[in-house]
Amino acid sequence: MDETVFTYGSPQLKFGPGAIDEIAWDASNLGARSVAVVSDPGVADAGITRRVTDVLTGGDISVDTFTGARVEPSDASLQEATDWARKNGPWDAIVAVGGGSSIDTAKAIALMTTNDGDLVDYINAPVGGGKNPTKPLVPVIAVPTTTGTGSESTTICVLDVLEANVKTGISHASLRPRLAVIDPQLTMTQPAGVTAAAGMDILCHALESYTAKPYTEFAAKRAEERVPYCGANPISDMWSREAVRLLATSFRTAVADGDDVDARGAMALAATFAGMGFGNAGVHVPHACAYPIAGMVRDFRPDGYDADHPMVPHGMAVAMTAPAAFALLYPADPGR
Ligand SMILES: [Zn+2]
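As a convention, each chain's residues are numbered from 1 in the sequence order in which they are written. Selection of residues for local features in this predicted model requires a pLDDT of at least 70, selection of side-chain atom pairs for listing and counting requires 80 or more, and totals for whole chains, interfaces and linings are taken over all residues. The side-chain values count all of the structure's non-hydrogen atoms but skip hydrogen atoms and water molecules.

### Digging into the sheet that holds strand β5 (residues 140-144)
Piece 1. With respect to topology, 6 strands assemble into an open sheet ordered β1-β8-β5-β4-β2-β3, the strand pairing being parallel. If you trace the sheet from one side to the other, it starts and ends with β1 (12-15) and β3 (62-66), each paired once. With direction set aside, neighbouring strand axes in the sheet form an average angle of 20 degrees.
Piece 2. Alignment of β5 against strand β8 (residues 179-182), held across 2 bridges, turns out to be parallel. Note on β8: the bridge partner recorded for I141 is L179.
Piece 3. Contacts from helix α5 (residues 100-112) reach β2 (34-39), β3, β4 (93-98) and β5, with the element oriented near 165 degrees to β4. For two strands to be treated as a pair, DSSP must find at least two bridges joining them. For helices the rule is a DSSP run of H or I covering at least 4 residues; for strands it is a run of E covering at least 2, with both sets numbered from the N terminus onward. To get an axis, fit a line to the C-alpha atoms, keeping to the stretch in contact for a helix; angles then go from 0 to 180 degrees between the N-to-C directions. When checking whether two residues touch, look at their non-hydrogen atoms; a contact exists if any pair is within 4.5 Å.

What follows is the structure in structure tokens.
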């Protein structure tokens, strides 16, 4: 029998210039008196991490800061973050400040400070044990500083498993951040190369979720079998279409003129909308191909990223196969 039910989940959202200045209130509202701020060295150097911790401590919230999130996290970097967290935690909430890498690292910390076992137990099978968390996670507040990843909306933590040379993830509904605070002002200093790669990621999130297999074409599931990514559905369609419309008016401008406040705002909104779409519908071929492409990097160092290791930015890895994938899949639903 075909599926008749779809689900929709999303974090609470706060969006707009100045949103970040209210984060102490938002953390208190979640009952947090102590938080870990998780960030990466680039975001810390730009002063953004400090700005967030100042607002939090100003609101009488005690803060421990970890700025060692790796750009494109690995099992080793998440282990380092977990070791730090198990030594210094627990906290009432985790505040992630940065791109998808910081947010994914925060998700891993939220998981590993509340549940027993090792990271590898929770990594998707067959690479890891595919175990589900048994205890509730502390809430994650995501403050994205790079437009694109949509990690603030999703239930997945993406990582490289170095020994297996593969990119995979930890995926569970409880990994979705409780609140996303999106302040477009934080993206104003994002270099053009990062804006371009991240923008292609947003575009692919929207196009892939809009052309994902419809939820009605999956076999019917029992409630406990349903996964967060349920296929294209009327609600994810709405967000995906609107994300494409916003990108059409802002993407080129945001890359060519990073000081354009309106273009930056529209890109941040597009990233959020696309995240709300693909965070429920899922993505398909270009994202599936992106993981092995990124996993096979040897010496590529992209413009605009100050990573201390070779990497293919996620958006670039996704965009590489997207034209061929969409051309191949076109006959499946020419209307879309
Ligand atoms: Zn993506």
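From this point, the discussion proceeds with the structure in view.
### Some thoughts on the state of the cysteines
Piece 1. Disulfides are defined as cysteine sulfur pairs within 2.5 Å. Scanning the entire structure with this criterion turns up 0 disulfides.
Piece 2. C204 forms no disulfide, and the closest cysteine sulfur to it belongs to C289, at a distance of 11 Å.
Piece 3. With relative accessibility at 2%, the residue C204 sits in the buried group. Here's how the labels work: a residue is buried when its accessible area is under 20% of the maximum for its type, exposed when over 50%, partly exposed in between, all with a 1.4 Å probe on protein chains only.

### A word on the coordination of the zinc ion
Piece 1. D201 (OD), H205 (NE2), H287 (NE2) and H314 (NE2) make up the full set of protein donors to the zinc ion, lying at 2.1 to 2.2 Å.
Piece 2. Seen from the zinc ion, its 4 donor atoms lie at angles of 86 to 166 degrees, and the figure they make is irregular.
Piece 3. Sequence spacing among the residues donating to the zinc ion works out to D-x3-H-x81-H-x26-H. Of this pair, D201 sits in helix α7 (residues 192-210) while H314 is found in helix α11 (residues 314-329), placing the two residues 113 residues apart along the sequence. Each member of the pair, D201 as well as H314, carries the same accessibility label: buried. Sites may look incomplete, because water is not among the atoms used; the donor set itself consists of N, O and S atoms within 2.8 Å of the metal (3.2 Å for Na, K and Ca). In this scheme the shape depends on donor count and angles: four donors with every angle between 85 and 135 degrees give tetrahedral, four or six donors with opposite pairs above 155 degrees and others between 65 and 115 give square planar or octahedral in turn, and any other case is irregular.

### Looking at the pairing of β8
Piece 1. Side chains L179 and V181 of β8 all project onto a buried face; the interleaved residues A180 and I182 project onto the opposite face, where all are buried too.
Piece 2. Pairing analysis gives 4 bridges linking β1 to β8, with the strands arranged parallel. Residue pairing for β8: Q12 is matched across the bridge by L179.

### Here we look at the packing of aromatic side chains
Piece 1. For this analysis, a ring pair means two rings from Phe, Tyr or Trp (six-membered ring only for Trp) whose centres lie within 6.5 Å, classed as stacked if their planes differ by under 30 degrees, edge-to-face if by over 60, and tilted for the remaining angles. All told, the structure shown has 4 aromatic pairs when counted by the stated rule.
Piece 2. Between F66 and W84, the aromatic rings sit 5.1 Å apart at their centres with planes inclined by 35 degrees, giving tilted as the arrangement. Placement of the pair is F66 in strand β3 and W84 in helix α4 (residues 75-88), with a sequence separation of 18 residues.
Piece 3. An aromatic cluster is defined as three or more aromatic residues linked by ring pairs; in this entry it consists of F66, W84 and W91.
Piece 4. A cation sits over an aromatic face here: K213 above F218, 4.7 Å from the ring centre.
Piece 5. When the ring centre of Y210 is taken as origin, the NZ or CZ atom of R336, which lies over that ring, is 4.2 Å away. Each ring is checked for a lysine NZ or an arginine CZ that lies within 6 Å of its centre and within 35 degrees of its normal; such an atom marks a charge sitting over the ring.

### So, the packing of α7 against helix α9 (residues 261-281)
Piece 1. At a closest axis distance of 8 Å, the pairing of α7 and α9 adopts a crossing angle of 40 degrees. The angle between the axes of α7 and α9 places the two elements in the oblique class. As for how α7 packs across α9, the hand of that crossing is left-handed. For the pair α7 and α9, the contacting residues are T195, G199, I202, H205, A206 and S209 in the first and R264, M267, A270, A271, A274, G277, F278 and A281 in the second.
Piece 2. All residues other than Ala, Val, Leu, Ile, Met, Phe, Trp, Tyr, Cys, Pro, Asp, Glu, Lys and Arg, Gly among them, are scored as polar; the first ten of these are nonpolar and the last four charged. Here the residues of the contact of α7 with α9 are counted per class, giving 8 nonpolar, 5 polar and 1 charged. Roughly parallel means an angle under 35 degrees; roughly antiparallel means over 145; roughly perpendicular covers 65 to 115; every other angle is labelled oblique. By convention, the crossing between two helices is left-handed when the near helix turns anticlockwise from the far helix through less than a right angle, and right-handed when the turn is clockwise.

### Observations concerning the domain arrangement of the protein chain
Piece 1. Under the domain assignment used here, the protein chain contains domain 1 (12-186) and domain 2 (192-332).
Piece 2. Computed over C-alpha atoms only, the centres of domain 1 and domain 2 are separated by 20 Å.
Piece 3. Listed per partner, the contact involves 23 residues of domain 1 and 29 residues of domain 2.
Piece 4. Together, the buried faces of domain 1 and domain 2 total about 2000 Å²; carbon and sulfur atoms form 64% of this surface.
Piece 5. Any carboxyl oxygen of Asp or Glu that lies within 4 Å of a side-chain nitrogen of Lys or Arg is treated as forming a salt bridge with it. Here domain 1 and domain 2 share 0 salt bridges between them.
Piece 6. Between N or O atoms, a polar contact is any pair within 3.5 Å; within protein, one atom must be a potential hydrogen donor and the other a potential acceptor, and residues adjacent in sequence are included only when both atoms are from side chains. Scanning the region where domain 1 abuts domain 2 turns up 2 residue pairs in polar contact (both at pLDDT 80 or more).
Piece 7. Those elements that place two or more of their residues in the side of domain 1 that touches domain 2 are β1 and β6 (156-161).
Piece 8. Partitioning the side of domain 1 that touches domain 2 into residue classes produces 8 nonpolar, 10 polar and 5 charged. Domain start and stop points were drawn from an automatic or database domain assignment. Two parts placed together each lose some accessible area under a 1.4 Å probe, and adding up what both lose gives the buried area.

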